[in-house]
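# Coordinates in review
This is what each chain is made of:
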Amino acid sequence: MTDYPYAADFIVAPFREPPYDHQIEEFERHVGKEARALLWTMRTGKSKMTIDTACQLFVNGGDVGKIDGVLVFAPNGVHANWLERELPRHCWPGIECETIVWRSRVAGSKGGNRLSKAAAAEWAAEQAAWWDKLKTIRRSKKLFWMSVNTESMTREDVRRAVARFLKWRWCLIVFDESDDFGAPGSKRTKMARALVRRAIYKRDLTGTALEGSPLAAWSQFELLKEGALGFGKFSDFDSYFASYETRQTRGGRQYPALTGFKNLEELRERMAAYSSVVTREMVKGMPALVPTKLRIELSEEQRAVYAETMKTYLVNVGEERVSLGERMMRLTKLQQICSGFVIDEHKRTHVIPGRNPRLEALSREVYLCPGKVIIWCQFQKDIDLVEAQLLQDGHKVVGYHGRVPDDVKPLNLETFRKEKGVKAIIGHIQSGGRGLDMSVAHKIINYSHTFKARLRAQAEERATAIGGHNIEVQDFEAPGPDEYILSKILERIDIAEAIAGTGLRDFLKSLEL
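What you see is a predicted model; the values in this text were computed from it and never measured. (Residues numbered from 1 in each chain as written. Predicted model: local features only at pLDDT ≥ 70, side-chain atom pairs only at ≥ 80, totals over all residues. Heavy atoms only, no water.)

## Regarding the sheet that holds strand β9 (residues 275-278)
The strand order across the open sheet formed by seven strands is β3-β4-β2-β5-β6-β1-β9, and the pairing between neighbours is parallel. Whereas interior strands pair on both sides, the edge strands pair on one side only; in this sheet they are β3 (97-101) and β9. Across the sheet, the mean angle separating the axes of adjacent strands is 15° when strand polarity is ignored. Bridge count for strand β2 (residues 69-74) against strand β5 (residues 171-176) is five bridges, and the pairing is parallel. Bridge pairing in β5 links Phe73 to Phe175. Contacts between helix α5 (residues 117-135) and the sheet are confined to β3 and β4 (143-149), with β3 contributing the most and set at about 140° to the helix. Each of β2, β5 and β6 (201-205) touches helix α7 (residues 187-196); the most contacted strand, β5, lies at about 155° to it. (Pairing = 2+ DSSP bridges. Helix = DSSP H or I, 4+ residues; strand = E, 2+ residues; numbered from the N terminus. Axes fitted to C-alpha atoms, helices over the stretch in contact; angles between N-to-C directions. Contact = heavy atoms within 4.5 Å.)

Given below as structure tokens:
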């Protein structure tokens, strides 16, 4: 194995942008290693580090030779950002690159559905051109990059395209937001584990490796090397690091219930062999996130519907008698009521009449903010209500969520970044909360909340940039469901921080000679 001493004098690399201290340290010590996990907090330069690594492996090689291809899996939208924004910004001068981005509406086998005859013919030509370009990788002498959105990777046409790429190139494979592969039994994770056997270098990138659960570590590190954490089977890993007790359903069926985790210090030690940890405190000039809470009281009408929902599944909304369904998720319904609406068992939305204190608070906070605002919502109706309110207030806004077409999302993001008149971007964290640069914003408002701690942590970093200003992150908190959700999120973040955050960072520092 090649040893990479930590001494800047030994590194001669034509970086397009000067690296920060943590980037040069990782480059000097580990750039040629076969497998690495960059557990760096969001907005600390994982993309630049990976592009520098790819350039080095293309020009000079590493422990297992040179590469001529890079395959990137990233969340939808972020995957295109890699090749269209990050690569031109960081690729070394003198290195010629060829790029191809997977877009289902272009390259997918069903992209021509529901199109007019003329539009279908235009799509067929565009699709043929995409696949013809893929064929050129066999003879290309350039560093060839392919990016695929994680959500599409189990499609048959994606599998075919990726298989060709890995067959024809010596590859570095990159899993951006590798926490998407934390479920060992999912089709996505199984496919990823099969693909890495055909790549010569592997990189996991995430700032939220274990926010869901410490058990998510196993499959993420399997992407780096089989048995990386010392367990060939997830069942063995699970039984060693998790505690269960037998419980019984009302019907008498017994099942194992997770009660906690154990041996976490050992898990941290096993992860350390492959990991680099960067927390925001380690990066000079990293702006602080300033958390604040805004208490939201319910209107009389909301309180009445809330009280009924606690007792029965039939409630009065205005003059309507609404059935929420006998098997309703009561917490979700209470959360909706706190936002001023409720969705019945037939998926119909009912707006609670009277005042909406949550919207009133949003209107006030956006008005008082001197700069741009990011607003994260949990429900589609939240997005609609927020957009209508801000437009009524005279603000120009854009959206970044599931109902915005994929080709419009980057245009909205660019509009938010560059147009002074655009006050806010309204989004759902599943769509826009990861990998995107929204650092023009001065404030983030969590208008309504999700239980997904890792997505929330990612979304809170969208406005940060090294050398930028501090960012206020404001939680709207109504009594009841909001308080409960926020408390559970903090529990998960505390566990993850102890293993893959400052806990792992401190362990790695203890190993230094």
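## Notes on empty space enclosed by the protein
Summed over the entire model, instances satisfying the criterion amount to three cavities of 30 Å³ or more. Looking at the largest cavity, its volume works out to about 70 Å³. Every residue along the wall of the largest cavity is listed here: Trp376, Cys377, Gln378, Ile429, Asn446, Ser448, His449, Thr450 and Arg456. Here the residues of the lining of the largest cavity sort into three nonpolar, five polar and one charged. Of the voids in this model, the second largest cavity is the one considered here, and its volume is about 40 Å³. Every residue lining the second largest cavity is listed: Glu26, His30, Val31, Leu38, Met49, Thr50, Thr53 and Arg203. Considering each element in turn, the lining of the second largest cavity owes the most residues, three residues, to helix α2 (residues 46-59). Along the lines of polarity and charge, the residues of the lining of the second largest cavity split into three nonpolar, three polar and two charged. (1 Å grid on protein atoms, 1.4 Å probe; cavity = no way out; pocket = protein on both sides within 12 Å on 5 of 7 lines; lining within 4 Å. Points joined across faces, edges and corners; volume = space filled by probe spheres on them. Nonpolar A, V, L, I, M, F, W, Y, C, P; charged D, E, K, R; others polar.)

## Re the packing of α5 against helix α6 (residues 156-168)
Geometry of a packed helix pair, given as the angle between the helix axes and the separation of the axes. At a closest axis distance of 10 Å, the pairing of α5 and α6 adopts a crossing angle of 25°. Viewed along their axes, α5 and α6 adopt a mutual orientation that is roughly parallel. Touching Trp130, Trp131, Leu134 and Lys135 of α5 are Asp157, Arg160, Ala161, Arg164 and Trp168, all from α6. Taken together, the residues of the contact of α5 with α6 sort by class into five nonpolar, no polar and four charged. (Parallel < 35°, antiparallel > 145°, perpendicular 65-115°, else oblique.)

## Structural notes on the pattern of salt bridges
Applying the stated rule across the entire model yields 36 salt bridges. A salt bridge links Arg197 to Glu226, with the nearest nitrogen and oxygen atoms 2.8 Å apart. Here the residue Arg197 occupies a position in the loop between α7 and β6, and Glu226 occupies one in the loop between α8 (217-222) and α9 (234-241), the gap between them amounting to 29 residues. Judged by relative accessible area, Glu226 falls into the exposed class, the value being 52%. Close ionic contact of Arg270 with Glu266 constitutes a salt bridge, the shortest N to O distance being 2.6 Å. Separated by four residues within a single helix, Arg270 and Glu266 lie in helix α10 (residues 264-272), roughly one turn from each other. (Salt bridge = Lys/Arg side-chain N within 4 Å of Asp/Glu carboxyl O. Buried < 20%, exposed > 50% of the residue type's maximum accessible area, 1.4 Å probe, protein only.)

## Here we look at the packing of α9 against α10
The N-to-C vectors of α9 and α10 enclose an angle of 135°; their axes lie 10 Å apart at closest approach. Viewed along their axes, α9 and α10 adopt a mutual orientation that is oblique. Packed against α9, whose contacting residues are Phe237, Tyr240 and Phe241, the element α10 presents Glu266, Leu267 and Arg270 at the interface.

## Brief notes about the nonpolar core
Core analysis: the biggest nonpolar cluster contains 52 residues, and Ile67, Val70, Trp82, Trp145 and Ile374 have the highest contact counts within it. Excluding residues that lie within four positions of it along the chain, Ile67 makes contacts with Ala54, Leu57, Phe58, Leu143, Trp170, Cys171, Leu172, Ile200 and Tyr201. Counting residues in hydrophobic clusters, the runner-up holds 33 residues, among them Ile343, Leu359, Ile375 and Ile383. (Core = buried A, V, L, I, M, F, W, Y, C linked by side-chain atoms within 4.5 Å.)

## Focus on helix α13 (residues 357-368)
One full turn of an α-helix is made of 3.6 residues, so residues set three or four places apart face in the same direction. The first and last C-alpha atoms of α13 sit 17 Å apart over 12 residues, in line with the 16 Å expected at 1.5 Å per residue. Pro357, Arg358, Leu359, Ala361, Leu362, Ser363, Glu365 and Val366 are the residues of α13 that are buried. (Expected span 1.5 Å × (residues − 1).)

## A short note on the sheet that holds strand β19 (residues 471-477)
Backbone hydrogen bonds are what pair the strands of a sheet, in a parallel or an antiparallel way. Pairing in this open sheet of six strands is parallel, and the strands run β10-β19-β18-β15-β17-β16 from one edge to the other. The sheet terminates laterally at β10 (289-295) and β16 (396-400), the two strands that pair on one side only. With direction set aside, neighbouring strand axes in the sheet form an average angle of 20°. Here α13 sits on the sheet and contacts β10, β15 (372-376), β17 (422-427), β18 (441-446) and β19; the angle it forms with β19, its principal contact strand, is near 165°. Its contacts with the sheet put helix α14 (residues 380-392) on β15, β16 and β17, and the angle it makes with β17 is roughly 170°.

## Observations concerning the packing of aromatic side chains
Counted according to the given criterion, the structure contains 19 aromatic pairs. Ring centres 6.1 Å apart and planes at 70° place the aromatic pair Phe144 and Phe165 in the edge-to-face group. One end of the pair, Phe144, is in strand β4; the other, Phe165, is in helix α6, and 21 residues separate them in sequence. When its relative accessible area of 0% is taken as the criterion, Phe144 is described as buried. For Phe165, a relative accessible area of 0% corresponds to the buried category. Site record: aromatic cluster; members linked through ring pairs are Trp218, Phe231, Phe234, Phe237, Tyr240 and Phe241. Of note, Arg358 hangs over the ring of Tyr447, and the distance from its end group to the ring centre comes to 5.5 Å. The ring centre of Phe416 lies 5.3 Å from the NZ or CZ of Lys372, which sits over that ring. (Phe/Tyr/Trp six-rings, centres within 6.5 Å; stacked < 30°, edge-to-face > 60°. Lys NZ or Arg CZ within 6 Å of the ring centre and 35° of its normal.)

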